[in-house]
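Structure assessment
Spelled out, the chains give:
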Amino acid sequence: MNLPDDSAPPHESQPQAQGRPPRSGGAAGPPSPEQRGQSTKPAQPRKGAQRERHEQDEGRRRQHERDEGHERHEGHEGHERHGQPSWTRQPSRRRIFPLPFGSVRVASTLGAVAVVAVALLAACAGLLGVIRHGLVGSAEHTARARADAVAGVSASGRLVDRLAVPDGEDSLLQVVADDGRILAASENLAGRAPVASFEPAPGHNSAARSLDLALSPDPHTHPYRLVAVRATTANGSGATVYAGTSLETARYTQRLIINSMIPGIPLLLLLVAAVTWRSTGRALRPVEAIRAEVAEITERDLGRRVPVPASRDEVARLSQTMNATLDRLEESMDRQRRFVADASHELRNPIAALRAHVEVAIAHPQLLHGPELLDDVIRVQQLADDLLLLARLDAGQTPERSLLDLSDLVRATTARRPRGRVPVTVHAADPAFVHGNRGQLARVLDNLLDNAQRHARTAITVTVTDGAPAVVLEVHDDGPGVPEADRERVFTRFTRLDASRSRDAGGTGLGLAIARDIAANHGGRLAAAAGPGGHFTLCLPHAPART
């Protein structure tokens, strides 16, 4: 006798749960005492149900990872041929970041710090560039003005050997003839060779360079902005005037800004990280509350709802959407429970009647009444068919649809039905095309006609009209009609009105519910209208006929 999976002994189910490969060689069967080794000892106590379920889930997970690894690696079989079983390979890890980086709070904080750091560095670089450009430009402007002044003095023949520079200012002046002779120089360049060798390009009057120079009496080099201007002497020969202004102020300013930013940027980044961490945690606190509440909700406790924060932000809308989803889920579960209870109640009576017939047939075969037994069997079969159709409709199954003429469908359906207690009159002369499943729409008409046959007195009328954009099918009977208060309740499953609760007249209570569900799946609507008598209207979207 084969045992079910849940009843398998622990020593048989455990190897498969751990994902071990099957034993090779020999037919499957109980191992011998020599093969078992220590297995001849008394069996260990069975593990707890929770531990066993955990091991089974772990085994299924490992099996799934091995299957995925088999699909990813085409060399899988080659490893086994070389003596390396496939189940010994480590599963591939798809996690890109470690677990802490998977936190939204950590990721947001790191992202904010990174963005601010890049922005600060870019701003610092831009600030330093702008400040240096401004200071260097100011120094160059000053040096060019002095060089132009010395060039004017040289052209007038009033050039002296020692050129004066403003007191307290680190500047330099030098006039170099085209043959390399020093014509004039400032005190800090006395007796020195030409301070520079560059000259203005042809067609330009001046040129500028930044150089590091060592001037007496200081042996260390210092930055200067040097400007070269073409000039002429009193005898008409050419010369070059070099004027320089110190860039120590620019260098000092840059160093001061950098030294101020070195401790300031980390402190600012720490402040940004702290603010982002706190604000993100406060923003995610409602999300964590939602997660914790949803984790506690089970199928037996669907009445619980997630907390809705007072803020009108995305988290509040998420909470409202989650609660609306839980409302629909609870309503669906309640409807399913009621449906199962009603179906069980409806099946109990015919099954009890069948049992009574079988018991009578066993005890007294001569008393068996075949037609009545057949009626009970047919009733059970019809109820089972109705329940199956409702399950398919609830599952959203959509059978194949096509363009069909509803008028032709009505005529064909009424013609194939057996003659009922009340005659049926059809008014469907004009074609009325819709998109739908012929069998399901015929089922709607059958259910409406069955309902009308139970309540009509002398006449039933079926009318089809094509009034674009909808095709309307109406079923009238001259019975008592449906009270206004019950015109929606009649479409509830297993509902029978008080006047028709008898088993023979009331049917299963599913006909109108099935008809409305089919109409809704076809994009239409079935409703009970005002009398006189019973009046049901089916509206379906109009479909243009093929040309």
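Structure first, text after, so check above.
Here the structure is a predicted model, which is why all the values come from computation and not from measurement. (Residues numbered from 1 in each chain as written. Predicted model: local features only at pLDDT ≥ 70, side-chain atom pairs only at ≥ 80, totals over all residues. Heavy atoms only, no water.)

End to end, helix α5 (residues 104-155) covers 75 Å across 52 residues, agreeing with the expected 76 Å (1.5 Å per residue, within 8%). Sitting at the head of α5, S103 places a side-chain oxygen 3.3 Å from the backbone nitrogen of R105. Note on α5: the residue one or two positions beyond its end, G157, has a positive phi of about 80°. (Helix = DSSP H or I, 4+ residues; strand = E, 2+ residues; numbered from the N terminus. Expected span 1.5 Å × (residues − 1). Polar contact = N/O pair within 3.5 Å; in protein donor to acceptor, adjacent residues only side chain to side chain.)

Once that is clear, we can look at the packing of aromatic side chains. Each aromatic ring pair is described using two quantities: the centre-to-centre distance and the angle formed by the ring planes. According to the stated counting rule, one finds two aromatic pairs in the structure shown. On the numbers, 6.1 Å between centres and 85° between planes, the contact of F491 with F536 is edge-to-face. Placement of the pair is F491 in the loop between β11 (470-477) and α11 (503-506) and F536 in strand β13 (residues 534-541), with a sequence separation of 45 residues. Across the pair, F536 and F491 agree in class, each one buried. Its guanidinium or amino end placed over the ring of F198, R209 lies 5.0 Å from that ring's centre, counting from NZ or CZ. Its end group placed over the ring of F491, R516 keeps NZ or CZ at 3.9 Å from the ring centre. (Phe/Tyr/Trp six-rings, centres within 6.5 Å; stacked < 30°, edge-to-face > 60°. Buried < 20%, exposed > 50% of the residue type's maximum accessible area, 1.4 Å probe, protein only. Lys NZ or Arg CZ within 6 Å of the ring centre and 35° of its normal.)

The six strands lie next to each other as β1-β3-β2-β6-β5-β4, forming an open sheet whose pairing is mixed. If you trace the sheet from one side to the other, it starts and ends with β1 (162-163) and β4 (206-213), each paired once. Packed onto the sheet, α5 meets β1, β2 (171-177), β4, β5 (222-232) and β6 (238-246) and runs at close to 35° relative to β5. (Pairing = 2+ DSSP bridges. Contact = heavy atoms within 4.5 Å. Axes fitted to C-alpha atoms, helices over the stretch in contact; angles between N-to-C directions.)

The next thing to look at is the packing of helix α10 (residues 438-455) against helix α12 (residues 511-521). Running from amino to carboxyl end, α10 crosses α12 at an angle of 145°, the nearest separation of the two axes being 9 Å. The two elements α10 and α12 meet at a crossing, and its hand is left-handed. Contacts from Q440, R443, V444, N447, L448 and N451 of α10 reach α12 at G511, L512, I514, A515 and I518. Of the residues that constitute the contact of α10 with α12, the class distribution is six nonpolar, four polar and one charged. (Left-handed = near helix turned anticlockwise from the far one by under 90°. Nonpolar A, V, L, I, M, F, W, Y, C, P; charged D, E, K, R; others polar.)

For the rest of this paragraph, the subject is the pattern of salt bridges. Tallied over the entire structure, the rule returns 20 salt bridges. A salt bridge links R317 to E314, with the nearest nitrogen and oxygen atoms 3.7 Å apart. With R317 and E314 both in helix α7 (residues 314-363) and three residues apart, the pair spans about one turn of that helix. Residues E488 and R516 are paired through a salt bridge, measuring 2.8 Å at the closest nitrogen-oxygen approach. Placement of the pair is E488 in the loop between β11 and α11 and R516 in helix α12, with a sequence separation of 28 residues. Three or more residues joined by partner-sharing salt bridges are found here, namely R416, R417, D446 and D450. (Salt bridge = Lys/Arg side-chain N within 4 Å of Asp/Glu carboxyl O.)

Burial analysis of β13 places six of its eight residues in the buried class, the great majority of the element. Strand direction decides the pairing type here: β11 and β13, joined by eight bridges, are antiparallel. Note that in β13 the partner of V475 across the bridge is F536. Pairing between strand β12 (residues 525-528) and β13: four bridges, direction antiparallel. For A528, the partnering residue across the bridge sits in β13 and is F536. Linking β12 back to β13 in an antiparallel pair, the connection comprises five residues, with G533 at a positive phi of about 75°.

Sheet architecture is open: five strands sit in the order β8-β10-β11-β13-β12, paired in mixed fashion. Looking along the sheet, the strands with just one partner apiece sit at the ends: β8 (424-427) and β12. Strand-to-strand, the axes of this sheet are offset by a mean angle of 15°, without reference to chain direction. Relative to β11, α10 is tilted by about 25°, and along the sheet it contacts β8, β10 (460-467), β11, β12 and β13. The strands touched by α12 within the sheet are β12 and β13, with β12 carrying the most contacts at an inclination of about 145°.

In this section: the nonpolar core. Core analysis: the largest hydrophobic core is formed by 44 residues, its most contacted members being L406, L448, V464, L473, V475, L526 and F536. At seven residues, α10 tops the list of elements feeding residues into this core. Contact partners of L526, with chain neighbours within four places excluded, come to L448, F491, L512, A515, R516, A519, F536, T537 and L538. Ranked by size, the runner-up nonpolar core spans 17 residues in total, among them L163, L173, V175 and V227. (Core = buried A, V, L, I, M, F, W, Y, C linked by side-chain atoms within 4.5 Å.)

As a further point, take the environment of Q453. Along the chain, the position of Q453 falls in helix α10. With relative accessibility at 13%, the residue Q453 sits in the buried group. Considering only alpha carbons, one finds Q453 and R421, 32 residues apart in sequence, at a separation of 6.7 Å.

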